[in-house]
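Okay, here's what each chain looks like letter by letter:
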Amino acid sequence: SDRNEVTEATNPKYQYDLSYKKSFANNKDRSLTASFVGSYFGKDQSSEYKNIAIFGDFKDLLQRTTNDYSQANYSFQTDYVHPFSKISELESGVKYEINDISNDYELLDQSNNAWVSNPDFTNVFHYDQRVLAAYTTYAYELQKFGLKVGLRVENTNLSTFLQTTNVDNNINYNNVFPSVHSSYKISDELSLQMGYSKRIHRPRMWDLNPFTSISDNLNRRTGNPELQPEFTDVVELSAIQIWGAATLSASLYHSKTKDVVTRVISVQDSLTITKPYNLGTSNNTGLELNASVDPLKWWSIALDGNWVSFSRTGTLESNDFDFSNTSWSSQLTNKFKFPFDIEAEIRVDYQSKVEGVQGISDDRIYADFGVKKKFMKGRAVVNFSVRDVFKSRKYINISDQDTFYRYNERLRGAQQAVLGFSYGFGKGDAMEFSGHKMF
């Protein structure tokens with residue numbers, strides 16, 4: 001069968017922020033800041049799908065969908081910095097974040113020349129997350145040695161509600177996140193750093209929404225409202241070496257993540273369903289290298305590489321998902337400065353083949369390009385960028401299991417060209433819009 005989709009959408013969005021800073025006459029490094037940031041993103045979308053049989057036992061299928069989506073984010077934050085002396089400083093703060101999301105989705109099937117609502121794929125989903133965090137850090141720095149100790153306490157209140165089926169889920173949890181970082185300066189060109197931190201990664205709205213989309217009638221993704229957050233402990237040792245216009249940094253790290261969110265594939269009558277689960281523990285040990293050099297005043301090169309050895313343990317419904325492997329990735333960035341305030345950038349990314357829970361993701365390489373021109377002493381900027389210049393950003397996943405074989409190839413974020421212009425009024429600076437951060 002051949003499936004064709006035509007989608008029209010309007011996407012209103014805006015952001016606003018308000019900030020306040022108080023300085024103290026007796027100490028210029030002492031400060032009190034407060035800020036408020038709000039944003040809104042909406043989506044009023046309609047789609048039409050035509051599924052036409054080519055051969056085999058298929059029936060032609062016509063479908064329509066409407067999607068009314070809204071997302072409002074608010075952040076309130078206060079920070080206070082109090083230096084005790086030139087070598088020690090205390091910083092503390094409070095932050096409150098609100099994320100309100102609503103998604104109203106309806107599917108209509110054509111039957112007997114009439115459009116009929118399909119209750120199996122029609123729903124209203126609400127997502128409301130509120131996070132209150134308080135932190136404090138103490139920094140102590142001598143000429144060669146530095147130490148920074150921190151503690152963050154968070155309360156997360158998350159509620160989801162699937163209005164169509166009247167199913168709600170509420171989660172409330174408290175967490176403590178300590179961190180310790182130290183540095184030692186061997187010379188002006190060489191320094192060492194070591195640190196430990198505990199982190200959290202919360203499930204996103206689409207990971208929690210139990211509803212599935214019908215964009216692809218052979219492959220569907222559904223959320224899991226019972227997902228718990230991931231918790232990661234990270235230990236890192238790094239070194240930075242400077243040689244004139246060249247810099248090299250190396251980091252050796254180990255991380256352990258509990259309740260890893262993993263997308264598990266199942267096949268039911270040729271329909272592939274992907275659903276996330278909290279699945280076991282992950283241990284990663286890796287080496288990250290970052291090098292930069294300026295061969296000429298108008299040319300700079302940056303090379304980033306990462307190698308990691310990982311192992312996973314976990315079971316789901318008596319199925320064993322243990323495995324281990326290695327992977328590596330790299331990124332090469334060239335930046336150029338030309339006369340008349342013209343700058344250009346070329347970036348090439350590579351990701352090696354990597355094993356997952358149920359299969360293998362093939363290696364991929366792709367390139368991005370951008371150029372910008374400044375006018376009026378930087379108050380105005382014109383940007384032009386091309387994403388995936390050679391249309392090579394292919395994602396190939398192969399799952400060879402006992403009960404099914406699945407090959408999936410797709411272009412993620414098809415080749416895209418963006419032309420943007422921005423101008424800064426008053427004391428505002430012009431924004432450098434790339435067009436790549438699209439919802």
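Residues numbered from 1 in each chain as written. Predicted model: local features only at pLDDT ≥ 70, side-chain atom pairs only at ≥ 80, totals over all residues. Heavy atoms only, no water.

### Digging into the overall build of the chain
Phase 1 of the analysis: Along the backbone of the chain there are one helix and 28 strands.
Phase 2 of the analysis: The principal-axis extents of the C-alpha atoms in the chain amount to approximately 80 × 55 × 45 Å.
Phase 3 of the analysis: Burial statistics for the chain: of 439 residues in total, 32% are counted as buried.
Phase 4 of the analysis: Of all intrachain contacts in the chain linking residues separated by at least 6 positions in sequence, the fraction that spans at least 24 positions is 58%.
Phase 5 of the analysis: Within the chain, the 53 negative side-chain charges are centred at a point lying 8 Å from the centre of the 48 positive side-chain charges. (Helix = DSSP H or I, 4+ residues; strand = E, 2+ residues; numbered from the N terminus. Buried < 20%, exposed > 50% of the residue type's maximum accessible area, 1.4 Å probe, protein only. Contact = heavy atoms within 4.5 Å. Lys, Arg positive; Asp, Glu negative; His and termini not counted. Charge placed at Lys NZ, Arg CZ, Asp CG, Glu CD.)

### Quick word on the sheet that holds strand S11 (residues 219-221)
Phase 1 of the analysis: Spatially, three strands are ordered S11-S15-S14 in an open sheet, and the strand pairing comes out mixed. The open sheet has two edge strands with one neighbour each: S11 and strand S14 (261-268). The mean inter-strand angle of the sheet, taken between neighbouring strand axes irrespective of direction, is 25°.
Phase 2 of the analysis: Pairing between S14 and strand S15 (residues 271-278): eight bridges, direction antiparallel. Bridge pairing in S15 places Ser266 opposite Ile273. (Pairing = 2+ DSSP bridges. Axes fitted to C-alpha atoms, helices over the stretch in contact; angles between N-to-C directions.)

### With respect to the pattern of salt bridges
Phase 1 of the analysis: In the structure shown here, the tally under the stated rule is 14 salt bridges.
Phase 2 of the analysis: In this structure, Lys198 engages Asp233 in a salt bridge whose closest nitrogen and oxygen atoms are separated by 3.5 Å. Taken together, the positions of Lys198 in strand S10 (residues 190-201) and Asp233 in strand S12 (residues 230-243) put the pair 35 residues apart, joining distant regions of the chain.
Phase 3 of the analysis: For Lys198, a relative accessible area of 23% gives the class partly exposed. (Salt bridge = Lys/Arg side-chain N within 4 Å of Asp/Glu carboxyl O.)

### Some details on the side chain of Asn123
Phase 1 of the analysis: With respect to the element layout, Asn123 can be found in strand S7 (residues 123-141).
Phase 2 of the analysis: Among all residues touching Asn123, those that are not within four sequence positions of it are Asn103, Asp104, Tyr105, Leu162, Thr164, Asn209 and Phe211.

### Some thoughts on the packing of aromatic side chains
Phase 1 of the analysis: Tallying each qualifying case throughout the model produces 14 aromatic pairs.
Phase 2 of the analysis: With centroids separated by 6.2 Å and ring planes inclined at 15°, the aromatic side chains of Trp299 and Phe336 adopt a geometry described as stacked. Of the two residues, Trp299 sits in strand S17 (residues 299-313) while Phe336 sits in strand S20 (residues 323-338), which places them 37 residues apart along the sequence.
Phase 3 of the analysis: Its relative accessible area of 17% is what places Phe336 among the buried residues.
Phase 4 of the analysis: Within the aromatic cluster, the residues linked to one another by ring pairs are Tyr14, Tyr16, Phe36, Tyr40, Tyr74 and Phe76.
Phase 5 of the analysis: In this arrangement the basic side chain of Arg393 is found over the ring face of Tyr366, its NZ or CZ atom lying 4.5 Å from the centre. (Phe/Tyr/Trp six-rings, centres within 6.5 Å; stacked < 30°, edge-to-face > 60°. Lys NZ or Arg CZ within 6 Å of the ring centre and 35° of its normal.)

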